[in-house]
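Summary of structural features
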Amino acid sequence: MDYFVQQLINGLTLGSIYGLIAIGYTMVYGIIGMVNFAHGDVFMLAAFIALILFLMLTQLLGVGSLGLALIVVLVLGMALTSLWGWVIERLAYRPLRGSFRLAPLISAIGMSIFLSNFVQVVQGPRNKTMEPLLSNVLVLPIGNGSVTLAEKQLLIMAVTAALLAGLWYVVKHTSLGRAQRACEQDRKMAALVGVNVDRTISLTFIMGAALASVAGLLWMTYYGVVSFNDGFVPGVKAFTAAVLGGIGSLPGAVLGGLLIGLIETFWSAYFTIDYKDVAAFSILAIVLIFLPSGLLGRPDVEKV
Amino acid sequence: MRFVKLAAAVFVTLALASCGGEQKLKIGVAGPLTGRDAVFGAQLKYGAEQAVADINAAGGLNGQQLELLYGDDAGDPKQGRSVANNFVGEGVSFVIGHFNSGVTEPASEVYAENGILMITPGSTNPKITERGLTSVFRTCGRDDQQGKVAGEYIAANLKDKKIAIAHDKTTYGKGLADETKKTMNGLGVTEVLYEGVNTGERDFSALVSKIKASGADVVYWGGVHTEGGSILRQMRGAGVTAVMMGGDGIATNEFAQLGGPGTEGTLMTFGPDPQKRPEAQAVLAKFAARNFKPEAYTLYSYAAVQVIAEAAKAINSVDPAKIAAELHTGKSYKTVIGDLAFDAKGDVTRLDYVMYTWQKQPDGSITYVQN
């Protein structure tokens, strides 16, 4: 029992990180129907930004309070990563928006390669590490044994839940969210009734990048290491999560992330770790056979 | 067809353009200059660079100056092959490299087909020299020797402990883990857990919980520092105090940065520290002047170039095939890591793996110290 709960905690933590990144994929897909393959690398960039800011604050400026340092890193990191997200959209995607469907996709793959190579050149190819933070562990007695719940695992799950709730509110109840939903349904019509489509799309990219930035900071506190190619594996897993949950759906992205995290973890826990990715992707394939639009996705309605 | 002609024309032009002038003898150094094993790639590169510079300063190889070419395989077998083909096209005679056993294996086939002599300073998988290729040598040991030392150490010192084995599914990592397991099982110690993880991942929480549930006291890691360090950090984060034990793949100080303070006490098999040898002191000063710390494989790479130079001097020829034949005679050559002689397979004849422990230094850093 304690083993099961322990692995459940592991799976939920990993799934929350996948979910946070998956939201970025799903929002962009929802609004312009494009898979932003560079999003995984934006996340990697965000982890680097978080690391650099954190080291600057604690080593150079000598900020003693860990909480203060983390909050400053969070705010500055979100601002800087959002700037990257906006610039990428402005330079690489907007000029291709009227073009044929594959053009922005290729541009996104190019941007992904550009970002990882850029970081490799300016930051070097080595692993960048940070001292372990928030190492406090809660030991909870369960059954005959006990499980350990690290503070940072709790932090990751809480932040993901809070951000999902906040984002849900923005999309459902604010004018920005209304504009986003309008663009999602029909961009031309939205423009005709006075929605600034370009600005709405830019803001969507900024929101996605800001979430990636939070994921990057959580990643650094949890794993404490990042290298230039760390955008790839989490990016692919998060994209898978977005597809599994139903691409275009916000709660679907988080649900998909949690499912992928849990499947991987429980497969590793009770079977051999060798086949965990085989298991995760097989389940993805089976789900897509029976639910082609994912768990919470709405099927595409042909607009006549 | 037109493309082929055009390519052929370009190729011929380039080939002609590179002729003329003083003929330099080309020697290639190949390894993961970028990517997750870039630390080791840098060691190979710096070692070969320094050796070539020293030989050129002393008048070259039998009077011929050496030119060093670089090949980046990024730790990827496919890229390793293309680096090898590139070297063939450039007319390289000798190659120092590669690092990862899984990359060295396919690349060495290209070298063998094209009469290039290859010496790897860091590929320890037994298979590398077991394929009957006469042009393949190594200055490091083999994983079956290393796994034997690790397995015997476990059986002798940790017999009553519970042992878990994890590896990274690569030629090197799984090979080493399996050799250790074989030796240890043969001596009556059975592991409680045996698992393979994916390279390039960062989350090992499921493995860590599995280790915890198995009650292991020692975790034998077959793989490199990137995943090994992360597993160690996550073990300590989850309150697992098991000692980690690894091979030469974790022999870089980056392992301690990845692992955090919990790295202390980690056991590791590696060759006796070549930096302590009297022969190495003059070279060490040169590395210090270049501000490079010649860790782990740097001096093995330096020695690989030296071996070629010594053999070429002995037979007064720079023909790779003749040098290979000379090396196979079993004569011993003076290098910075001591006297090296090769057997018929191309392995060094001396057997040297010893146990290291990662210890905290007075300056607070954690590094590996020979037991």
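Here is what the cut-offs are and how they apply
- Residues numbered from 1 in each chain as written.
- Chains lettered and ligands numbered in written order.
- Predicted model: local features only at pLDDT ≥ 70, side-chain atom pairs only at ≥ 80, totals over all residues.
- Heavy atoms only, no water.
- Helix = DSSP H or I, 4+ residues; strand = E, 2+ residues; numbered from the N terminus.
- Rg over C-alpha atoms; globule rule 2.2 N^0.38 Å.
- Buried < 20%, exposed > 50% of the residue type's maximum accessible area, 1.4 Å probe, protein only.
- Contact = heavy atoms within 4.5 Å.
- Lys, Arg positive; Asp, Glu negative; His and termini not counted.
- Charge placed at Lys NZ, Arg CZ, Asp CG, Glu CD.
- Domains from an automatic or database assignment.
- Buried area = accessible area lost by both parts, 1.4 Å probe.
- Polar contact = N/O pair within 3.5 Å; in protein donor to acceptor, adjacent residues only side chain to side chain.
- 1 Å grid on protein atoms, 1.4 Å probe; cavity = no way out; pocket = protein on both sides within 12 Å on 5 of 7 lines; lining within 4 Å.
- Points joined across faces, edges and corners; volume = space filled by probe spheres on them.
- Nonpolar A, V, L, I, M, F, W, Y, C, P; charged D, E, K, R; others polar.
- Core = buried A, V, L, I, M, F, W, Y, C linked by side-chain atoms within 4.5 Å.
- Pairing = 2+ DSSP bridges.
- Axes fitted to C-alpha atoms, helices over the stretch in contact; angles between N-to-C directions.
- Parallel < 35°, antiparallel > 145°, perpendicular 65-115°, else oblique.
- Left-handed = near helix turned anticlockwise from the far one by under 90°.
- Expected span 1.5 Å × (residues − 1).

**Quick look at the overall build of chain B**
- If you tally the helices and strands in chain B, you get 12 helices and 14 strands.
- Its C-alpha atoms give chain B a radius of gyration of 21 Å, within 12% of the compact-globule value 21 Å for 371 residues.
- For chain B, the spread of C-alpha atoms along the principal axes amounts to about 65 × 55 × 40 Å.
- By residue count, 58% of the 371 residues in chain B fall in the buried class.
- Put simply, of all contacts in chain B between residues at least 6 apart along the chain, 67% involve residues at least 24 apart.
- Positive and negative side-chain charges in chain B, numbering 37 and 40 respectively, have mean positions lying 1 Å apart.

**What about the domain arrangement of chain B?**
Residues and elements named next belong to chain B.
- What the domain assignment reports for chain B is domain 1 (13-141 + 275-327) and domain 2 (144-270 + 354-370).
- Computed over C-alpha atoms only, the centres of domain 1 and domain 2 are separated by 30 Å.
- Contacts between the two partners involve 18 residues from domain 1, matched on the other side by 21 residues from domain 2.
- Across the interface of domain 1 and domain 2, roughly 1400 Å² is buried in total on both sides, 49% from carbon and sulfur atoms.
- When the area that domain 1 buries against domain 2 is broken down by residue, the three leading residues are Arg36, Phe40 and Glu295, summing to 34%.
- The tally of links from domain 1 across to domain 2 stands at 2 residue pairs in polar contact (both at pLDDT 80 or more).
- Secondary-structure elements contributing two or more residues to the side of domain 1 that touches domain 2 are helix 2 (38-57) and helix 4 (101-113).

**A few points about empty space enclosed by the protein**
- Enumeration according to the criterion identifies 5 cavities of 30 Å³ or more in this entry.
- A volume near 100 Å³ is recorded for the largest cavity.
- Around the largest cavity, the lining is made up of 14 residues, and of these A:Ser268, A:Lys276, B:Asp203, B:Phe204 and B:Ala206 lie nearest the centre.
- Taken together, the residues of the lining of the largest cavity sort by class into 6 nonpolar, 4 polar and 4 charged.
- Counted as a void, the second largest cavity has a volume near 90 Å³.
- Elements represented by at least two residues in the lining of the second largest cavity include exactly helix 1 (2-32) and helix 9 (232-245) of chain A.
- Among the elements that make up the lining of the second largest cavity, the one with the highest residue count is helix 9 of chain A (3 residues).
- In terms of residue class, the lining of the second largest cavity is built from 5 nonpolar, 1 polar and 5 charged.

**Observations regarding the nonpolar core**
- Grouped together as the largest cluster of nonpolar side chains are 76 residues, with contacts concentrated most on A:Ile23, A:Tyr93, A:Trp219 and A:Val226.
- With 15 residues, the top contributor of residues to this core is helix 8 (residues 197-223) of chain A.
- Those residues within four positions of A:Ile23 in sequence are excluded, and the remaining contacts are A:Leu164, A:Leu167, A:Leu211, A:Leu250, A:Ala253 and A:Val254.
- Among the nonpolar cores identified, the runner-up in size contains 75 residues, and B:Leu66, B:Ala166, B:Val219 and B:Tyr302 belong to it.

**A few points about the sheet that holds strand 2 (residues 66-72) of chain B**
Residues and elements named next belong to chain B.
- Pairing is parallel in the open sheet, where 5 strands are placed in the order 2-1-3-4-5. Taken across any chain shown, the strands that pair with only one partner, and hence form the sheet edges, are strand 2 and strand 5 (136-138). Strand-to-strand, the axes of this sheet are offset by a mean angle of 25 degrees, without reference to chain direction.
- Packing against the sheet, helix 2 makes contact with strand 1 (25-31) and strand 2, and its axis sits at approximately 170 degrees to strand 2.
- Helix-sheet contacts for helix 11 (residues 298-315) involve strand 1, strand 3 (94-96) and strand 4 (117-120), and the interaxial angle to strand 3 is about 160 degrees.

**Quick notes on the packing of helix 2 (residues 39-60) of chain A against helix 4 (residues 102-123) of chain A**
Residue and element names in this part refer to chain A.
- Relative to each other, helix 2 and helix 4 sit at 25 degrees, their axes nearing to 9 Å. On the basis of their axis angle, the class for helix 2 and helix 4 is roughly parallel. Here helix 2 and helix 4 pass one another in a crossing that is left-handed. Of the residues in helix 4, those touching helix 2 at Asp41, Val42, Met44, Leu45, Phe48 and Ile52 are Ser112, Leu115, Ser116, Val119 and Gln123.
- Here the contact of helix 2 with helix 4 is built from residues that sort into 7 nonpolar, 3 polar and 1 charged.

**Topic: helix 8 (residues 225-237) of chain B**
Residues and elements named next belong to chain B.
- Here helix 8 spans 18 Å end to end across 13 residues, near enough to the 18 Å set by a 1.5 Å rise per residue.
- Within helix 8, 11 of the 13 residues are buried, which leaves it mostly tucked inside the rest of the structure.
- The set of residues buried in helix 8 consists of His225, Thr226, Glu227, Gly228, Gly229, Ser230, Ile231, Leu232, Arg233, Gln234 and Met235.
- Just downstream of helix 8, Gly239 is the residue with a positive phi angle, here 75 degrees.

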